[in-house]
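# Structure assessment
One letter stands for each residue in the lines below.
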Amino acid sequence: MKARRAQSSARPATPEPPPPPASDPGVDDPVLDESSDLTPVVASNLKRFRAERGLSLERLAKASGVSRAMLGQIELGQSTPTINVLWKIARALGVPFSALMSQAASPVTTVMQVSHARILRSRDGDFSSRALFPTDRPRNVEFYELRLAPRSVENADAHAPGTSENLVVTEGSVEIIVAGERRVLETGDAILFEADSPHSYRNLGSSEAVMYLVMTYGSRG
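So, here is what we can say about the structure in this document. (Residues numbered from 1 in each chain as written. Predicted model: local features only at pLDDT ≥ 70, side-chain atom pairs only at ≥ 80, totals over all residues. Heavy atoms only, no water.)

The next subject is the overall build of the protein chain. Along the protein chain, the regular secondary structure elements total four helices and 11 strands. Within the protein chain, counting contacts between residues at least 6 apart in sequence, those at least 24 apart form 69% of the total. Total accessible area on the protein chain is roughly 10,200 Å²; 51% of this is exposed by carbon and sulfur atoms. (Helix = DSSP H or I, 4+ residues; strand = E, 2+ residues; numbered from the N terminus. Contact = heavy atoms within 4.5 Å. Areas by Shrake-Rupley, 256 points an atom, 1.4 Å probe, with all protein chains shown as cover.)

On to the nonpolar core, then. In this structure, L46, L60, L71, I89, L93, F97 and L100 are the most contacted members of the largest nonpolar core, which totals 25 residues. Elements supplying a minimum of two residues to this core: α1 (39-52), α2 (57-64), α3 (68-75) and α4 (83-93). Here this core takes eight residues from α4, the largest share from any one element. Sequence-distant contacts of L100, defined by excluding residues within four places in its chain, comprise V41, V42, N45, L46, F49, L86, I89, A90 and L93. A131, V174, F193 and L213 belong to the second-largest nonpolar core, a separate cluster that totals 21 residues. (Core = buried A, V, L, I, M, F, W, Y, C linked by side-chain atoms within 4.5 Å. Buried < 20%, exposed > 50% of the residue type's maximum accessible area, 1.4 Å probe, protein only.)

Counted by the stated rule, this structure contains 10 salt bridges. Note that R202 and E175 form a salt bridge whose closest N and O atoms lie 3.3 Å from each other. Within this pair, whereas R202 is found in strand β10 (residues 199-203), its partner E175 is found in strand β7 (residues 174-178), the two being separated by 27 residues in sequence. Take E175: its relative accessible area is 8%, and that puts it in the buried class. One continuous salt-bridge network, built from bridges that share partners, spans R130, E145, R147 and E208. (Salt bridge = Lys/Arg side-chain N within 4 Å of Asp/Glu carboxyl O.)

Glancing now at the pairing of strand β11 (residues 209-216). When strand β4 (residues 141-148) meets β11, the two strands line up antiparallel, connected through eight bridges. Residue pairing across strands places F143 opposite V214, the latter belonging to β11. When strand β6 (residues 164-171) meets β11, the two strands line up antiparallel, connected through seven bridges. When the bridges of β11 are listed, L167 appears paired with L213. (Pairing = 2+ DSSP bridges.)

Of all the positions in α2, only L57, L60, A61 and S64 are classed as buried. With its buried residues spanning 105 degrees around the axis, α2 presents them on a single face. Against the buried residues of α2 lie α1, α3 and α4. Positive backbone phi, at 80 degrees, marks G65, one or two positions downstream of α2. (Arc of directions from axis to C-beta.)

Put simply, α1 and α4 touch, their axes get as near as 11 Å, and they point 25 degrees apart. By the angle class used here, α1 and α4 are roughly parallel. As α1 runs across α4, the sense of the crossing is left-handed. Contacts from V42, L46, F49 and R50 of α1 reach α4 at L86, I89 and L93. The residue inventory of the contact of α1 with α4, partitioned by class, reads six nonpolar, no polar and one charged. (Axes fitted to C-alpha atoms, helices over the stretch in contact; angles between N-to-C directions. Parallel < 35°, antiparallel > 145°, perpendicular 65-115°, else oblique. Left-handed = near helix turned anticlockwise from the far one by under 90°. Nonpolar A, V, L, I, M, F, W, Y, C, P; charged D, E, K, R; others polar.)

Moving on, we get to the sheet that holds strand β5 (residues 153-156). Read across the open sheet, the four strands follow the order β5-β10-β7-β8; overall the sheet is antiparallel. Only two strands of the sheet have a single partner each, and these edge strands are β5 and β8 (181-185). This sheet shows a mean twist of 15 degrees between the axes of neighbouring strands, independent of strand direction. Relative to β10, β7 is paired through five bridges, and the arrangement is antiparallel. Within β10, the position partnered with I177 by the bridge is S200.

What follows is about the packing of aromatic side chains. In this structure the tally under the stated criterion is two aromatic pairs. Look at F133 and Y144: their rings are 5.2 Å apart centre to centre, the planes differ by 85 degrees, and that puts the pair in the edge-to-face class. With F133 in the loop between β3 (127-131) and β4 and Y144 in strand β4, this residue pair connects regions lying 11 residues apart in the sequence. Here F143 and Y212 contribute two aromatic rings whose centre-to-centre distance is 6.1 Å and whose plane-to-plane angle is 40 degrees, an arrangement assigned as tilted. With a gap of 69 residues between them, F143 in strand β4 and Y212 in strand β11 connect regions that are remote in the sequence. Under the relative-accessibility criterion, Y212 is labelled partly exposed at 24%. The ring of F49 carries the charged tip of R48 above its face, separated from the ring centre by 4.5 Å. (Phe/Tyr/Trp six-rings, centres within 6.5 Å; stacked < 30°, edge-to-face > 60°. Lys NZ or Arg CZ within 6 Å of the ring centre and 35° of its normal.)

Put into structure tokens, the structure is as follows:
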């Protein structure tokens, strides 16, 4: 898979999701997995967060870099946003990425069945990210399952200061580059790094790589 665009930061102290897949020219941006039925949830949350902050569509469009027309379509549930668009909106609103996908509060014990998983995936299917935590409220720590197709690459811009990633490879061989420093992880290897500098993930093998990621965000400024 080709390298993809990284995101820009509107509010540096706002928690971010794990590296979202972006796309080269001519390749569609990744979208929410239709089976997770998140479009109406995102629509409701976007409308609520915007109203709480007293933001017009025009002001949010200027802050996020997402067009007013697109924001309006998302609020009406008429458009399924790409991961990149969601990330821009979350940064502009000053909320964690997962807050846009939140529903009602969860009970103390929560079972997240794989059949109802919240999955973010690229259109070509090369990359997917499954949330392994309830997305009912903003969190400082998030847990994800990542899958990367053979020979595929995921590039990410620097996250907010204080953000760290703790990742373990459970299947395959993955190259991690952080601020130009290269590390190769084989099955069973783990890595912890500060994610406030550019980083990337490359599947070196001929089969799908599977990783589990704990993302820890720094305190909000």
